[in-house]
Each structure stands twice: as structure tokens, then as C-alpha cells.
Amino acid sequence: MVKEFLGENSQAGQNLLRLVSRGNAIISEILRLSQHIPSVFKLEDRNEARRYQDILLDFKYLSNPDFYESKIEENRDLVELEAEFRDNHIDILVRFYHLFESIYKYIVDLEHYIVDVEKGFYIHLTIEAILINGDGKQLLSEAVYLYGVMLILMDNLIEGPVRERMLISYLRNKGPVDLPLIDDVCKLCKSTGYIPGGRRPANYPEEYFKRVQLPENVLSMIVGRLRSDDIYNGTESFPQPEHRSVALATQACMVYVILYFIPDILNNKNSIMREIVDKFFPDNWVISFFLGFTIDLSVAWEPYRAAKTAMANTITLQNVQYQQQIYWKELADLNKLVEDYLLEGLLVEEYIVDNVHRIINCIRRCNVTIRWLMLHTNASQKRLKDLVSMGSQDDVLSLLLNTAQLEFVFKNIFQALLATKEEKWEENKKLASESMVELSEYFSGEKALTRVKKNENLQKWFSEISNKINSLDSQDSTSTGRKIQQLSQALEEVEQFQQIDSSIQVKQFLIETRQFLTKMIKIVNIKEEVLINLSVCADMSYAWDIINNYVEQMQRGIKQDPKCVLKLRATFLKLVSILDLPLVRIAQCSSPDLISVSEYYSSELVGYVRKVLEIVPKQMFLILKQIINMQTNNLKELPTKVEKEKFRDYAQLEQRYELAKATHSVSVFTEGILAMETTLVGIIEVDPKQLLEDGIRKELVLQIAQAMDRTLVFNSKNQKQDELLQRLRELSNILDGFRRSFQYIQDYVNIQGLKIWQEEFSRIVNFYVEQECNSFLKKKIYDWQSSFQSVAIPIPRFAPPPGDNGPVQSVNMIGRLARELLNQTNCKNTLYLNQIGWFDPNTGKELVGINTWSVLHQSVGIFGLTGLDKLFCFMMVKDLQVFVTQTRSLVEKSLKGFIKEFEDYLIPTTSIPDNIQRYQVALEKTKLLGPIFSDVLTKIGQIQLIRRQISNQLNFHCKIDSNMLFCSLDIMNKSLLKDIQSHFQRPDEKNPYPSDDNTLLSDLSQFLDTTGINDPFTKIYITTSPLEAFPCLLFLFVLSQVTKFQYNSKLNVMQAKKQKNSYDWTPFITGCITILQQFHSLHTQKFLAFVGQYIKCQINISLANPKETTEEYPEDVVALLRFLEDFCKYSHTSRNQINNYIPPYLFDHFNL
């Protein structure tokens, strides 16, 4: 049963295999999630740390949970903050908790497995029997080793304090009842006190490894087996004695990790540690313990007496110098040898068949040398690092590139040989056999045109040789090789016969037959074991992290010779060997985790490929800047008509030569990548054309984002009236230059330039708008959740500029632009004229007008305008929500009774009150609401006016640039409105309303907003329950404000009487319209009824006192009538609706 440990019927083997597979999947999840730790849990930002300090708790919470819970519950702000925090982070917290829990479950399951084996649950199996079996000792050692790797990686990549905050946050959200393992998980994940890069705590990591203990006798047996055996048969791939440490490198990593479970060996077992060091670390002290995570044993084993003593022999000055001299000398020799192999035309099938073992040996030596130099030039101890770093890293990279190319060429040719092995074997066997048959017939003496004497013995002998050749079997390589050698020798001996020796023709036949037999021997030796040995020798899993150190050198090589990308392709394929280590067990047990784990590691490798090759688009954009400069400043545009004498001037031959030279440089750079073939990196197919396009997109995104971030910076302290226009024009010129040059270059690099420009510019603006809107959302959208952000083509984030210290700090340049527009159109110091723009009321100078929106459109485009519109919507919604909440609170606290009494006095509104003093009392009672109403309503009105100007700009350009689209959307919109109106008039089956899952309305709404076919004033932005007192309160506020304005007949607009502490009329009107639109239409009717009732009351009183009456209406009546006139104009309210509350003749006699 032990022999079939991994057989389908072996429950013990399959259970252990599944456990090891789980371990590899858990480690990939640690690596994946460690890149997505929310910054708030790290408390790196002081503002975030201060904000969340009361709700983001570590394990101190467990000592007195009631105290912390009551502290939060008593503070309403903390309750709201916690709700917001939970909405934003619960998804990622669930993922992290499942990770921590899976680590704990893994070690518990491993412990149970060992106990079950020891109790005899698996019949005839013991730990000793498993450790004797080849697969068993591998799997059991890996199971313990992977648990140790999990602990090390978790502590290095997800720091202890971060783990504690995450666990407590998740516990507080879910509750201990739903988390039965929470205590055990907390015990395992408790902070160790170790911070990467910081000082190492005492007894670390052995105390950490003891949190869930495994049987020490089992651990000792595993270490004993690793000490004594070559469990992975590494010496088969590395047979030379000097390569023994590389052959046993995988075991060495396992020994290093597992020894932390038995610290007694590290501290006290001198003989065992000497044996371990002599076997695994005689010539190396820097190892990769898992997928490129390196450790310097001279530092890691410093606290342990026995380990330190044993390691001292390896890191002596004499040994270090000796080893580095050997490897640097080997590096120089191998570089020359590999370059000789890579000479054009040398590596052909025949040469490879003849020199398989020589080439494999060369590849083996190269990989051993690269491994030693890469690892040890990254030693932690400066003294040892300086001793080792005697040569050039460029030479190391050169050997890596050349070795990868040699492996790539050799592997491709050898695979082709394997594929055609049987065919070639049969071909040569047939030729050899036919030659023997022909010779047999020749000596029969009966063949035409032969004058040889018949020789029955030779005839029979050659016939027998032919039969023996036909009986050769390529599958049994050992006996077949021996038989072929005997046949060749027999053919050589038969040449001594006089009758054969005298015939040149017969001798030639025999020589050719021996050649066929020799080829057959070589074909027999084409075995798959060669490729297996090659893959073991070429393993690069130790360089997962170190290879990043060589990115700059690789990019420098591409800049000097773009065609060296072809060698890099071979290097990237060599790096795919990294996937073998974590995936082999997952694939072996057909685990469903195979796809997700493969995708993670493959995507990381593809990310590295992109990182190296991004130098091509970077260089391309450097050249593009020269092209932009030439096209913008140097080249003159050719007019329609040119005088013959000036033709030479317009030719500009030198400038055009420089332009052509720059264009050629761009095409040369892109040619290197495009020469690469489509390559499978792990499970991800890398298309060089797509790789180039993604690189160009990434660099384009960076350039546009940087241009916008640098340009859209405004001085909040010393505001200049023209600064906004200057910045927008500057940005417009920069982006226009980029766009034109990008379109110019697109044909030379085989890309769709305009399409890429539109897609990426849209993505940039939408992403920055989304991030800016986050400040108005409870549930934030983080970068990794955003549909606009991309791993391959990331949109950068920038720190706010130093001068951005306004009352509300913008997240990015879109926010700065929006707030600058609000500053420039501030209703407290500007005057708005309908359809024209904002002016300075003192000087009459235009501040923001039609030209501003045109320049804004040129600079940020349609996407920028729609993005600004969306951001202004979020600002307005936040103000509306706060306003409604404050108003409701104030009414409930102090005004509810009075307003009810006042409304009862006014109802019915068709009556005319006889006492004007009641209005004065009401105005006095509600005057505290004035500042709240005026600030919010004017700000909302100002935003709405800006949004209408944006809408007009979008609408105008849609009609000009795409009139067919505009007409189609307009007709569609009107048709849909008619259908909806028909539904509400007759809600039957013939007039259905769009169902909830029908996206027609939302999709059309997006198109309408983008094309400006909308009216911002009449939209509903928030949903709220009825506020019965609101129409009356708004009426009293309007009544208190209208007398502060007077009519300016020259400008045909109401203007503040006093400029100090005043605001503009039009934002005041549009603010009132917008706020009323958020409630039921009855609120608007009620408001208009109150206004009409007051006007009638005032006129009635003035008519009752003829002595005081003049021909003009009272001042407040005039102001209210102008208010109603503008209210109708901006809200598109019919005058007939107003006539229901005010007699028409009042307007007819009102002189506008």
C-alpha cells in the first residue's frame, strides 16, 4: 500500500496531497491580498489615524469590549463613522478573515492527519512508513514547510498591528456568535512585535511557530529524512559534486523553515547543525526560502548558538573570496561559451543530436553561476555583500539573457526532434534494411547487370542482418543500442572479406548503412528526460523578487538595441518556471484552485514583462515631444496659394528631415516589440502588439494626467480674474499638441491613435471624477474596485499641491477646477446675466462668459464637461440633504407649533388676511433661518446655473459635430415622454411603463446628459419625506429677502441694493426652484398660493388707505412680482398657473 501512496484508492496519500494543494493556494492568497490592504488599517496617514482612532481597535479591545462599545454607541458621530467604515471595508475584511481562518484550519487539519496516522486510522500506515515512501516523504515535508512559509509571509506582508485591527473590526461587525473559531484565529494572528525592516524581537520566530504546535517527534523525523535523503532526486539533474548545494536547494529551503519548529536543534545540536551546513550550505549562505523571498543565513541564524557556529565555516573570509573568484571566473568563461553556441546557423538538429550532453552541461553550469551570483550579491551583511560584488551585474544579466536564449532554441529544436523521433527512426531503419536487402540480392548473382559470382553465404548473411535491423525497437533504448553497436561492428568486420573488399560499390553501401545505424543510436537517445533535466536546471523560482533589480539594465539594453527584445522574450519564458513550484501539487490533485492560483502568478509575470518593456513607449513619448515641438513651433502650414519664389521657404527641408528622423526612431523602437511572437506566459497569452498598445496607453495616461495635474493648479490666496482662462488655454495647447502628434505617429506604430486617445482620456476624467465624488459618498469606491482603473494601464494619483489649503481640499485636479469655477462665479461678488455669464458688478468686466465655456470645452473636452456636471451634482445633493435635515430639525425643535398656528391663520389661501402685522411677527420668529436658507439656496442656485451653461455647451457642440445623434436622441426622448404620459393617463396593458429590469431609461438618460438635452432646474436629486411646514418657511424667507434687491433697467435684472453681505438675484431664484422641485408638486402650489395671498393682502391694504397710496405698487409687492416673473421663466412654469393665485390684471398693470 505504501508503494501506491498517491494511488486513487489511497485515502492517506490523497488527503495529504489535497492538504498540500490547499497550502499552496493559501500562500497565493496571502501574496494577492497583501497587495490590497486598505491604507486605513496601516494608519500611515495622520489624518486617517486621528479620524478612525476610536473605532479602529487592536487586541486591547478584547480586554474590555463593553467599555469600547459603550464609548462608540454614546457618540452619534462615531456610530455614523463606523457605519460608513463598515460599508466601505466589509468586503475586503471578509476576504482577510477567511484567509486567517484558512491558515488556522490548515494547521489543525495537518495536526489531525498526523494524529490519525499515529492512531492507525490509515491501516498499515505509520509516519515512519510514509517517510520511507518517495511521494510520502515529499508531501509530509511540504505540508509542514508550507505552514511555516504561511506564518513567515503573513508576518512580513500583513504586519501584526494590521492583522489585529482587521480581526477586531471584523469581529465587531459580525459578532462572536457567528465566528466560532475567532479565539483560535486571534491567538494565531496576534502581533509578534516584528515589523519588517525593524529590530527582531527576542525568541522570534520560534515563539510564533509554537502558537499551534505539531508533534515534535514527527518534526524530528522529517528533519532527519531531509538531512539524509535526496527526496527530490536533484542529483540526477545536477550530477557534479560541486553542484550539490544547488541539487539540494529545495530541501535546504525546507530545512531552514522547519528548523524554526525545533529551535533546540538551532541552539544546542552542534553536530546536527554541522551536518546540515556541510550538506546544504557549504558554499552558499543566501537562500530563497520560497518563490524569491530570500534570507541571509549569516543574519537569520545569528541568535542561535549551534547554527551560528556551524555557519561560521561557510562565511569565513577565505571561503567567501574563494567562492566569488570561482563564480566570477566561471561567468566570464560561460559568457564566451554561450555566445559561441548562439552563432547563427550552429544550433541545428544534427549538431544538437551530436552534442546534447555538452549543451545541457553548459546550461547547467550557467544556471548554477547565475543563481549563486544573483543571490549572494543581495546578501544582508554589507561586509559579505561587498566581498561578493566584485564583478559587473551587466555581465550577470548578459549571461542570463544568453542562457535563456540558448535554452529557448535548444528546447524548441529538441521538442521538434521528439515529435519526429519515430518518423526519423523508421526512415533510417528502412534505409538500412533496404541496403542489406540490396546487398543480399547483389550476391545472389541473378540480378541484372551484375557480374559478381554467386555467394550463398553472404546472400544469407546480409538477409539476416536486414531482418535484425527490421526487428529493432526504439522503445527499448538499452538493448536496441547494444544491438545496433553489434550490427555496426559486424558490418565493419565483413568488409575484410576479399569479395567485398574488392568492390567499392559494396563498401559504399556498408558505410552508408553504418551511418544509418549510427543515426538510429542518436535518435534512440532523444528522450523526454533531457527536457525534464533542462527544466530542473533552468529553474528561476529563486529570482521572483531579485529579477526586479535588473529591470533598469534590461531597459538600458533595449534603448541601445531595440532588437534585444527577442532575447528578453526567451528570458520571460524562462521566468515561467517560477509557476512550477506552487502549481505542481494543485494540478496533481485536480484542485479547483488551479485556475485562480495560475491567474495570479501569471498576471504577476505579465506585469513584470510590461514593466521591462514600458521603456519602449517611454522612449517613444520622449521622441514624440520633439515631434510636438516641431509641428507646433517649427513647421509652417502650407497655405492654399503660394508664390513660386517662396516655395523653398515652405519646403523647410531641414526641419522635415528632422521630423522624418524622429518618426523613424519611433518606428525602430516599436519594431523590436512587434518582432516578438505571441507568447504564453503561464496561462496568459501575451500578444506583442497588444503589449505595445498597452504600454503606449499607459504612457499616454501618465502624460495626460501629469499635464492636467500640473496645469490645473489655482492660487486660492491671490486670485487673478484671468488665471482660470490662462490655465485652461495652457492645458488646451498641451493636450492639442499631444493629440495631433499622436494622430500623426499612429500609422508608423500600427495603432488606432484617435480611438486610444478618446478611450484613455475618457477613462482618466471619469476616474478622477469618481475619486473626487468619493468625499460625498458613505461607501467609497477604492482604486481596485473602480471600473475605470486598470492594473496594466494604471491611472496615477497625485498629492494635492502645496497651496491647496482651501476650506474643502480637492482630491485631484477635477475637484480643483470645479471649485475654481465656483470661486469665479461666487454669487456674493458677481452678477449673473441670463444666457451671457457672470460679471463684476462694480467694474462690469466679464468674469465667466461664453468664451470661458468654449475654452473649457477645448481643454477638458466632452468628458471633462460631463465629469464636472456629475461632480457638481454630488456637491448639490450633499447640500440638499444637509439643508433638509437641518430645516426638519429646527422646525421640530422650536417652530412647529408657531408655523402650524400661522398656517391655520392663512388658510384658506383664497382669503385675504386683514392683519399685515401677523406677517411681520412671523418674519421676526423665523429670521434665524435666514442665514441657513440664503447660504444653501444661493449655492445650489449658483451650481445649477453653472450646470446649465455646461449643458448649453454640450448641446451646441452636439448639434454642430453630430446633428444626427442629437436629432435621434431628441426624438427618442420626446417619444418616451409621450408614452409615459399616456401610461399615467390610462395605465393599462396597451400603455405599459418600462419594467424595473429595463435599462432603457437609465441608458437614455446618460446619452441625454452627455448631449445636453436636459434641464438641470427641473430634475429631482433627492428623495425625502414630506416637510409640511416648508412652503410656508420658504415663503417667509423669500418675503424677507426680495426687498433687499432693486430693478436695474439697463441690465434688465434685479440687483442688490447694498453690495456688502449681499448675493446675486438669479442664483437665489434658481435655488428656490431646485429646492421646491425635490418635494411633491403640492409644495410648489402651496408656496405660490402664500406669495399670491400676501400680494393681494398688501394691495388690499394700500387701496384701503388712499391717502398713502401712489400709482405704484408697494415695494415688496413689486419685488415679489419680479420674483414670480423670473420664477416662471427659469422653471418653465406657465403664467396660467400663477393666474390661479394672482389676478392677471395685477401683472398687466405691472410695468416691467
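Residue positions are counted from 1 within each chain, in the order its sequence is given. The predicted nature of this model means local features are confined to residues of pLDDT at least 70 and side-chain atom pairs, given and counted, to a pLDDT of 80 or more, with totals for whole chains, interfaces and linings taken over all residues. Side-chain descriptors were evaluated using all non-hydrogen atoms of the structure, hydrogens and water having been removed beforehand.

Which residues make up the overall build of the protein chain, and what are the values?
Each helix is a run of DSSP H or I of at least 4 residues and each strand a run of E of at least 2, with the numbering of both proceeding from the N terminus. Secondary structure assignment for the protein chain yields 50 helices and nine strands. Its C-alpha atoms give the protein chain a radius of gyration of 42 Å, clearly above 32 Å, the size a compact globule of 1152 residues would have. Taken along its principal axes, the extent of the C-alpha atoms in the protein chain is 155 × 90 × 70 Å. Only protein chains enter the calculation, and the probe is 1.4 Å; a residue is then buried if its accessible area is under 20% of its type maximum, exposed if over 50%, and partly exposed in between. For the protein chain, with 1152 residues in total, the buried portion stands at 52%. Note on definitions: a residue-residue contact is assigned when non-hydrogen atoms from the two residues lie within 4.5 Å. Contacts in the protein chain between residues far apart in sequence, at least 24 positions, make up 78% of those at least 6 positions apart. Positive residues here are Lys and Arg, negative ones are Asp and Glu, while His and the chain termini are left out of the count. Working definition for charges: the position is that of NZ of Lys, CZ of Arg, CG of Asp or CD of Glu. For the protein chain, the distance from the average position of its 128 positive side-chain charges to the average position of its 142 negative side-chain charges is 4 Å. Between the two quantities, the radius of gyration covers C-alpha atoms and the globule rule is 2.2 Å times the number of residues to the power 0.38.

Mind laying out the packing of helix 45 (residues 1030-1042) against helix 47 (residues 1081-1104), listing which residues take part and the relevant values?
Only the stretch in contact is used when fitting a helix axis, every axis being a line fitted to C-alpha atoms; angles between N-to-C directions are given from 0 to 180 degrees. Two elements in contact, helix 45 and helix 47, have axes whose closest approach is 8 Å; the angle formed by their N-to-C orientations is 45°. The orientation of helix 45 relative to helix 47 falls into the category oblique. At the point where helix 45 passes helix 47, the crossing takes the right-handed sense. Contact residues: Phe1030, Pro1031, Cys1032, Leu1034, Phe1035, Val1038 and Leu1039 in helix 45; His1083, Lys1086, Phe1087, Phe1090, Val1091 and Tyr1094 in helix 47. When grouped by side-chain class, the residues that make up the contact of helix 45 with helix 47 number 11 nonpolar, one polar and one charged. To sort the angles, those under 35 degrees are grouped as roughly parallel, those over 145 as roughly antiparallel, those from 65 to 115 as roughly perpendicular, and the leftovers as oblique. Note: crossing handedness is left-handed where the near helix turns anticlockwise from the far helix by less than a right angle, and right-handed where it turns clockwise. Each residue is assigned to one class: nonpolar for Ala, Val, Leu, Ile, Met, Phe, Trp, Tyr, Cys and Pro, charged for Asp, Glu, Lys and Arg, and polar for all the others, Gly among them.

Tell me about the nonpolar core, and please be specific about residues and values.
Counting residues in hydrophobic clusters, the biggest one holds 335 residues, and the most contacted among them are Trp301, Leu1034 and Phe1123. No other element matches the 20 residues that helix 40 (residues 850-906) contributes to this core. Leaving out residues up to four positions away in the same chain, Phe1123 has contacts with Val1038, Val1042, Trp1065, Phe1068, Ile1069, Cys1072 and Phe1087. As used here, the term nonpolar core means buried Ala, Val, Leu, Ile, Met, Phe, Trp, Tyr and Cys residues forming a set that is joined through side-chain atoms within 4.5 Å. If you look at the next biggest cluster of nonpolar residues, it comprises 22 residues, including Trp425, Ile465, Leu517 and Val524.

Tell me about the pattern of salt bridges, and name the residues and values.
By definition, a salt bridge exists where a carboxyl oxygen of Asp or Glu is found within 4 Å of a side-chain nitrogen of Lys or Arg. A full pass over the atoms with the stated rule returns 51 salt bridges. Ionic pairing is found between Asp333 and Lys329, a salt bridge with its closest N-O pair at 3.3 Å. Note that Asp333 and Lys329 are positioned in helix 18 (residues 317-341) at a spacing of four residues, about one turn of the helix. Through salt bridges with shared partners, a single ionic network connects Glu693, Arg697, Lys755, Glu759, Glu760 and Arg763.

Summarise the domain arrangement of the protein chain; cite the residues concerned and give the values.
How big an interface is tends to be reported as the loss of accessible area on association of its parts. Domain start and end points were adopted from an automatic or database domain assignment. Structurally, the protein chain comprises domain 1 (11-191), domain 2 (420-526), domain 3 (623-636 + 650-852) and domain 4 (853-988 + 1011-1149). Summarising the inter-unit geometry, the C-alpha centres of domain 1 and domain 3 are found 43 Å apart. Opposite the seven residues of domain 1 that make contact, domain 3 presents five residues. Roughly 670 Å² of surface becomes buried between domain 1 and domain 3 when both sides are summed, with 51% attributable to carbon and sulfur atoms. When two parts are brought into contact, each loses some accessible area as probed by a 1.4 Å sphere; the total of that loss over both is the buried area. On the domain 1 side of the contact with domain 3, Glu84, Asp87 and Asn88 bury the most area, a combined 57% of that side's loss.

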